Structures are given as C-alpha cells and as structure tokens.
Amino acid sequence: MLYSRGAKRNVQTPNPMTTRTIVIYPDPRLRAKAQPVTAYGPALQSLVKDLLETMKAANGLGLASTQIGDLHRVFVMDVSEDGSCPIAFVNPVVVSRKGQQKRQEGCLSIPGVYADVLRAAEIRVQAFDPSGQPFERTAVALEAVCIQHEIDHLDGRLFIDHLSPLKRERVLEPLRTGAPQSLFGAS
Ligand SMILES: [Zn+2]
C-alpha cells in the first residue's frame, strides 16, 4: 500500500539493498492466492528481508509477497512517519472487525491510481513473526487499512475491487490512456 497521493515521508534507505521487481497491474500474478507458510527457515527470512527492502525502496507502507511474485502468505508493513517500525506478518488472519472507515488508498502494483475505499475501522489480527512466534495485534486508522489491503493481496484481491464498476473504470482510465489521473479529480 502507498500513502495518499502526493504524501511522502523522508526515509533513509541503506545501500546496497536486495530489492525485487514489483509486479504491476494487470499482471495475472496479482490474482493468485498465496498459500500458508509451513517452514520458518532461511527461505522465509530471505523473503521477509526482500519484502522489507523492496517496500522501503519504493516508499511504500506495506508490501505483500504476491506483489513480488511469491506465493506465501507473508506481508510487511511500516506505517510510521519515518519508516522506523517495520513489521512482518506471516499467515495473518483477521479475527474481528469493528466499524467502518473510508480512506484514500494507493498501491505499489497500480502506480498513479488512488481511490477512497471503505474498510473496517478497527481489526484484530493474528499472525506469526518470521521466527514462528504467534502474535496478536489490534489496529485502527491507517494501520488497519494497510493490514486489510495487504491481506487482500494474499487472496488475489486489489483495492480497486472494492470500487463500483463505474468508479473502477474511471480511476483506471489513466493506465489505459497514459493521461495523468489529476485530470479526473482526486475523490
Ligand atoms: Zn497494494
């Protein structure tokens, strides 16, 4: 997930980094459903490291495995102002949802496209850390949105799937024509 249009933070990115190529819409790999992680070994550690470094280099708030062509249920997130609180979720499951919120979302896999999406306001999520330790987390506001956006990716769903067909056509128009989305307004 990305910050709202125009919003940026100042993150120092260390070099050299192992960044992976981000899969871009409408690549069918974004529609694949990721499978549960069963081994908490070096391959998982390396996937998490690549996700974190790729997210950071792209100035993203979150990045799911399916966005770099991997099919394990893993995503990373850092919603802090300065990119200092990275966290990895392995086999995440939302166990409760409360309320609703509408927030503008963007996606590293759908560059230049932003839209308001209606999501749960508060969620409780269960997951494992990369060493296999289970944890639970309650998230609200931007963090709750980011977690829901990333878990959607693991199920092959994109934020534009939450829009009405008409709205989706409208926000995706710039991808077809190459025109800047600002011509269409930011709502
Ligand atoms: Zn995304």
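Participant: Just checking my understanding: could you explain the nonpolar core for this structure?
Facilitator: In this structure, Leu51, Val74, Phe75, Val76 and Ile147 are the most contacted members of the largest nonpolar core, which totals 41 residues. Of all the elements in the fold, those that place two or more residues in this core are helix H1 (42-57), strand E1 (62-64), strand E2 (74-77), strand E3 (87-98), strand E5 (110-119), strand E6 (122-128) and helix H2 (141-154). When residues of this core are assigned to their parent elements, the largest contribution, 6 residues, is made by H2.

Participant: Can you walk me through the sheet that holds strand E7 (residues 134-140) in this structure?
Facilitator: Ordered by their spatial adjacency, 5 strands build an open sheet running E1-E2-E3-E6-E7, and the pairing between neighbours is antiparallel. The open sheet is flanked by E1 and E7, the only strands paired with a single partner. Averaged over all neighbouring strand pairs, the angle between strand axes comes to 40°, with direction disregarded. Pairing of E2 with E3, which is carried by 4 bridges, proceeds in the antiparallel orientation. Residue pairing across strands places Val74 opposite Val90, the latter belonging to E3. Against the sheet, H1 engages E1, E2 and E3, with an angle of about 40° to E2.

Participant: Quick question: what am I supposed to make of helix H3 (residues 165-177) here?
Facilitator: Because an α-helix completes one turn every 3.6 residues, residues spaced three or four positions apart along the sequence face the same direction. Here H3 is 13 residues long and its end C-alpha atoms lie 18 Å apart, about the 18 Å a rise of 1.5 Å per residue gives. Taking the largest bend as the criterion, H3 deviates by roughly 35°, centred on Val171, and proline Pro174 comes between one and four positions later.

Participant: Help me understand the pairing of E7, please; the structure alone is not making it clear to me.
Facilitator: For a regular strand, side chains alternate in direction, first toward one face of the sheet and then toward the other. Here 7 bridges tie E6 to E7, and the two strands are oriented antiparallel to one another. Among the inter-strand pairings, Glu122 is bridged to a residue of E7, identified as Val140. Counting the residues between successive antiparallel strands, the hairpin from E6 to E7 contains 5 residues, one of them, Gly132, with a positive phi of roughly 95°.

Conventions adopted
- Residues numbered from 1 in each chain as written.
- Predicted model: local features only at pLDDT ≥ 70, side-chain atom pairs only at ≥ 80, totals over all residues.
- Core = buried A, V, L, I, M, F, W, Y, C linked by C-beta atoms within 7 Å.
- Buried ≥ 20, exposed ≤ 12 C-beta atoms within 10 Å, placed from the backbone.
- Helix = DSSP H or I, 4+ residues; strand = E, 2+ residues; numbered from the N terminus.
- Pairing = 2+ DSSP bridges.
- Axes fitted to C-alpha atoms, helices over the stretch in contact; angles between N-to-C directions.
- Contact = placed C-beta atoms within 7 Å.
- Expected span 1.5 Å × (residues − 1).
- Bend = angle between axes of the 7 residues up to and from the residue.

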